[in-house]
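Secondary and tertiary structure notes
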Amino acid sequence: MERRGALKSMAVAMGAMAGLPAWASGWNKSAVAKSGLLAADQSKNLAMIVETIIPKTDTPGAGELGVGDFVQKMVKDCYDAKAQASLASGISNIDEQSVQRFGKSFTDASKEQRLQILSDIEKGSDTAQKGFFSMVKNLTIQGYMTSEYVMTNITHYEMIPARYHGCVPVKKG
Amino acid sequence: MANFNIDSKKARTYDAIVIGSGISGGWSAKELTERGLKTLVLERGRDVQHIKDYPTTNMMPWEFEHRERLPKEIADANPIAARCYNFKESSMHFFAKDNEHPYIQEKPFDWLRGYQVGGKSLLWARQTQRWSKYDFEGPARDQFAVEWPIGYDDIAPWYSHVEKFAGITGNKDGIDALPDGEFLPPHELNCVEKYFKEQVSKQYKDRHIIIGRAAHITEPQQIHLDQGRAKCQHRTICERGCPFGGYFSSNSSTIPWAAKTGNMTLRPHSVVHSIIYDDKKQKASGVRVIDANTKQMIEFYADIIFLNAAALNSNLVLLNSTSSRFPNGLGNDSGLLGKYIAFHNYRATVSGQYEGFLDSTTDGKRPNGGYIPRFRNVYKQETDFLRGYAAGFSAYRMTSNDRDGLGESLKAGLHETKYGNWGVGSHMMGETIPKESNYVALDQNEKDPFGMPKLRISVDYDDNDEKMIKDYMEQVSEMFTKAGFTNVRTNDNHRNPGNDIHEMGGVRMGKDPKTSLLNKWNQLHHCKNVFVTDGASMTSTATQNPSLTYMALSARAVDYAVKQRKAKNL
């Protein structure tokens, strides 16, 4: 615990989160405007989609951890125009389905209704919508598993293990 | 005005000039300054100071906005750099950008470069295996390229010299084809690696599995503490620069050591144009530099010049150093400058699984891996291809999380890590044969953004490499199968030459000035005060990672050069 605390304060002292020097950020996207890929209501829908995929239980869900913004950022910066279009249309499609099936928008639908929509897409036969959903689900899992909350509290990431043991017993979970 | 010019020239005059500040340049600088020579170190890129200029070194995984994945814009703009395994969101600032440093590929060649103080020593994989007598004897025995002018005994003391200072971890394995060095305590092989070691020893009389020798401080000695370096903390994010100095880089070790003598002047942003040849004195008198910021040409002068620009750039500088005496490039009476370029062949991998030791796993992280020293054609020619290959070998416990379903069941699955079989993997490290037809040359028309001629690179695999790939796949598959590994698969990734980042040759060493450029002291046969001690000087490539040999050659050549200077022979 103490080590973890020390580590954090070291990271702060080293200015890890502070702006990078010009020569380093030359390789970053900082010059590009930070505007999102999606409109505000679409972003809200995406946040609800990721929260439905990984919901709040006794620990925070993907929505609360900001994974929706992560998914959007990844698709915007790391994917091609086709994938970006697929993200926007896929989210709209989900909202339309919700209105058709349950008479309310996706964000207003119940937890069960939302799960049902996403589950039907995942198991369905619409390949375009399946492709969209698989991209969003994979990015949601990635964003969630690499979030500060999960890496700190659940998977216990060690920045400085300072050891390697080649053969230790598997701990029984 | 005349006086002003004289003073200016004096201010630009040093005892020695080192071109390049990477692994070999750092060593040249350290050895020269320690011997009291006022030394100018020229670096084409920016300054990168230890710790201060490692902007990502303490960032947590979640602090990288793309979690180490490359933004498309960057990947698209840098297709060559982006093919490097080490080019990541956290380390890309230590790579040269493709579009800023263009070259011409007559054949596909991935030229990976680190243009900053420290060069690629910030990015290397830190493996440091010595060469053996069989590697130095190779060309003469197997009748390719040209005979090495030195043998293992010439360089062995210099291996010791650099190993002690750099800090090399390893085990004394007593293997003929891979001599032991001055080692700090070894990293540990894990259970499956040890098991494989035993199986291989039982089944093959001259094949070995060992822990790699690597430039990590596992137990700091006084000489490392004196450098301000500390024990390796097993972070395994070395490519960001190590704030502990846990691995060897020019930035953490040789360059600050040289600075501490008070004899070093470091000049970043200095793109070397050429070495100046003085017809009257019949030797080099200095170096012409293009200031990267102002694009102005400046000359610096010295008695001794060490060329450590990294293999292909050292070729470029010499080819561009023309004079009435050397119209085809400095020291190039033989016409061989730029030819006999070779590299390492890392194309093939073999993977598998092991269903034993299922109650065991590993703990912590290891910045190193297992190693299979070359076993083919070591003592005599025994296959239908020349030379051989070393290989990496590592085992790891496979883990997975159930990603099925959605909602709470998915979340529960993600939180539970399941252990699978052990995974095992190997990659080949093949020796390639230097050939006259593998060359670099200056383009006659196209210039780079600094006004330097663009380098044309024409380097390719040959039949020998294809046969070696096949043999590696067969032999390692057989070793895996005999050890009881399952699901054994081979893969040829068809990567371009150069992607191994072990390009060598073009300014090779040799006994005869008619067939080589450098003598046994890495000294140009025809321009005695110029020394080339990086990968350009390599007569053949062996299978070992080459950096340790560049370090040893640099230290050895400086020792000789300084003695010759004192004796007024330079």
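Please read these numbers as outputs of a predicted model, since none were measured by experiment.

Some remarks on the UniProt feature "domain: Glucose-methanol-choline oxidoreductase N-terminal" (unreviewed entry) in chain B
Residues annotated in UniProt with the feature "domain: Glucose-methanol-choline oxidoreductase N-terminal" (unreviewed entry) correspond here to residues 151–323 of chain B. Structurally, residues 151–323 of chain B comprises 31% helix and 23% strand, and the distance from its first C-alpha atom to its last is 34 Å.

Thoughts on the domain arrangement of chain B
Residues and elements named next belong to chain B. By domain assignment, chain B separates into domain 1 (13–170 + 215–343 + 503–570) and domain 2 (174–212 + 345–431 + 461–496). Taken over C-alpha atoms, the centre of domain 1 sits 30 Å from the centre of domain 2. Contacts between the two partners involve 41 residues from domain 1, matched on the other side by 37 residues from domain 2. Roughly 3,300 Å² of surface becomes buried between domain 1 and domain 2 when both sides are summed, with 53% attributable to carbon and sulfur atoms. Our enumeration of links across domain 1 and domain 2 arrives at two salt bridges. When the shortest N-O distance is used, the salt bridge between Asp142 and Arg387 registers 2.8 Å. If you list the elements that add at least two residues to the side of domain 1 that touches domain 2, you get α4 (133–142), α5 (152–166) and β4 (168–169). Partitioned by chemical class, the residues of the side of domain 1 that touches domain 2 number eleven nonpolar, 19 polar and eleven charged.

A closer look at the pattern of salt bridges
Residue and element names in this part refer to chain B. Enumeration over the complete set of coordinates arrives at 47 salt bridges over all chains. The salt bridge partner of Arg325 is Asp333, with a shortest N-O separation of 2.8 Å. By relative accessible area, Asp333 is classed as partly exposed at 40%. A cluster of three or more residues bridged by salt bridges with shared partners is formed by Lys30, Glu31, Glu34, Arg35, Asp559 and Lys563.

Some details on the interface of chain A and chain B
Each partner contributes residues to the interface: chain A has 65 residues there, and chain B has 60 residues. For the pairing of chain A and chain B, the buried interface totals around 5,500 Å² over both sides, and the portion due to carbon and sulfur atoms is 65%. Taken as a group, Trp23(A), Trp27(A) and Tyr164(A) account for 19% of the area that chain A buries against chain B, more than any other trio of residues on that side. The tally of links between chain A and chain B comes to three salt bridges. Measuring nitrogen to oxygen at the nearest pair gives 3.0 Å for the salt bridge that ties Glu408(B) to Lys111(A).

Describing the sheet that holds strand β3 (residues 104–105) of chain B
Here three strands make up an open sheet; going across it, the order is β3-β19-β18 (chain B) and the pairing mixed. A strand with exactly one partner marks an edge of an open sheet, and here the two such strands are β3 and β18 (439–447) of chain B.

A closer look at the pairing of strand β10 (residues 297–307) of chain B
Residues and elements named next belong to chain B. Extensive coverage of β10 is indicated by the burial of eight of its eleven residues. Here strand β9 (residues 283–291) pairs with β10 via five bridges, running antiparallel. Directly across from Ile290, in β10, lies its bridge partner Met297. Where β9 folds back onto β10 in an antiparallel hairpin, the turn is made up of five residues, including Lys295, whose phi is positive at roughly 65°.

Here we look at the packing of helix α2 (residues 23–34) of chain B against α5(B)
All names here are of chain B. Running from N to C, α2 and α5 cross one another at 95°; their axes reach a closest spacing of 13 Å. By the criterion of interaxial angle, the relationship of α2 to α5 is roughly perpendicular. Taking contact as the criterion, the partners of Trp27, Lys30 and Glu31 in α2 are, on α5, His161, Val162 and Phe165. Residue composition of the contact of α2 with α5, grouped by class: three nonpolar, one polar and two charged.

A short note on the packing of aromatic side chains
Aromatic ring pairs are reported here in terms of the distance separating the ring centres and the angle at which the planes meet. Residues and elements named next belong to chain B. Under the counting rule described, the total for this entry stands at 29 aromatic pairs over all chains. Ring geometry for Trp131 versus Phe136: centroids 4.9 Å apart, planes at 45°, classification tilted. The exposure classification of Trp131 matches that of Phe136, with both residues buried. Residues Tyr354 and Phe485 carry aromatic rings whose centres are separated by 5.4 Å and whose planes lie at 65° to one another, so their mutual orientation is edge-to-face. Of this pair, Tyr354 sits in strand β13 (residues 348–354) while Phe485 sits in the loop between α11 (463–482) and β20 (486–492); the two residues are 131 residues apart in sequence, bridging distant segments of the chain. On the basis of relative accessible area, Tyr354 is assigned to the buried category, the value being 14%. Among the aromatic residues, those joined into a cluster by ring pairs are Tyr195, Phe196, Tyr354, Phe357, Phe393, Phe480 and Phe485. A cation over a ring is seen here: Arg126 above Tyr247, with NZ or CZ 5.6 Å from the ring centre. The ring of Tyr340 has Arg508 sitting right over it, with the charged end atom 3.8 Å from the ring centre.

Cut-off values and rules
Residues numbered from 1 in each chain as written. Chains lettered and ligands numbered in written order. Predicted model: local features only at pLDDT ≥ 70, side-chain atom pairs only at ≥ 80, totals over all residues. Heavy atoms only, no water. UniProt positions renumbered as here; feature names shortened; annotations may be inferred. Helix = DSSP H or I, 4+ residues; strand = E, 2+ residues; numbered from the N terminus. Domains from an automatic or database assignment. Contact = heavy atoms within 4.5 Å. Buried area = accessible area lost by both parts, 1.4 Å probe. Salt bridge = Lys/Arg side-chain N within 4 Å of Asp/Glu carboxyl O. Nonpolar A, V, L, I, M, F, W, Y, C, P; charged D, E, K, R; others polar. Buried < 20%, exposed > 50% of the residue type's maximum accessible area, 1.4 Å probe, protein only. Pairing = 2+ DSSP bridges. Axes fitted to C-alpha atoms, helices over the stretch in contact; angles between N-to-C directions. Parallel < 35°, antiparallel > 145°, perpendicular 65-115°, else oblique. Phe/Tyr/Trp six-rings, centres within 6.5 Å; stacked < 30°, edge-to-face > 60°. Lys NZ or Arg CZ within 6 Å of the ring centre and 35° of its normal.

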